[in-house]
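Coordinate inspection notes
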Amino acid sequence: MAKNIKITLVKSSAHAKQNMKDTLRTLGLRKIGQSVVREQTDVVLGAVRTVRHLVTAEEVD
């Protein structure tokens, strides 16, 4: 069974670099407080690592 990860945007991306803004859009995050659930893959974990100072992540089942 694949594990899932819940990602929540907690800080603004207004002054972030363009690649970080693109990463947030790829994850599906647009507004502060918005959460998405994604399958825990290497690609998603790498994207979360790129914007780790803007989001919180937690495992969900």
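Structure report, in brief. The shown structure was predicted, so the numbers you read here are calculated from the model rather than taken from an experiment.

With that out of the way, let us pick up the nonpolar core. Counting 15 residues, the largest nonpolar core has Ile7, Leu24, Leu27, Leu29, Val51, Leu54 and Val55 as the members making the most contacts within it. Mapped onto this core, the elements with two or more residues apiece are strand 1 (4-9), helix 1 (18-27) and helix 2 (42-50). Leave out the neighbours within four places in its chain, and Leu54 touches Thr8, Leu9, Val10, Lys11, Ser12, Ser13, Ala16 and Leu24.

Looking at helix 1, one finds that the buried residues are Met20, Thr23, Leu24 and Leu27. The buried residues of helix 1 occupy an angular sector of 100 degrees when projected down its axis, which confines them to one face. Pointing more than 90 degrees away from the buried face of helix 1 are the exposed residues Gln18, Arg25 and Thr26. Considering only its buried residues, helix 1 is in contact with strand 1, strand 2 (35-39), helix 2 and strand 3 (55-60). Looking one or two places after helix 1, you find Gly28, whose phi comes out positive at around 95 degrees.

About the thresholds
- Residues numbered from 1 in each chain as written.
- Predicted model: local features only at pLDDT ≥ 70, side-chain atom pairs only at ≥ 80, totals over all residues.
- Heavy atoms only, no water.
- Core = buried A, V, L, I, M, F, W, Y, C linked by side-chain atoms within 4.5 Å.
- Buried < 20%, exposed > 50% of the residue type's maximum accessible area, 1.4 Å probe, protein only.
- Helix = DSSP H or I, 4+ residues; strand = E, 2+ residues; numbered from the N terminus.
- Contact = heavy atoms within 4.5 Å.
- Arc of directions from axis to C-beta.

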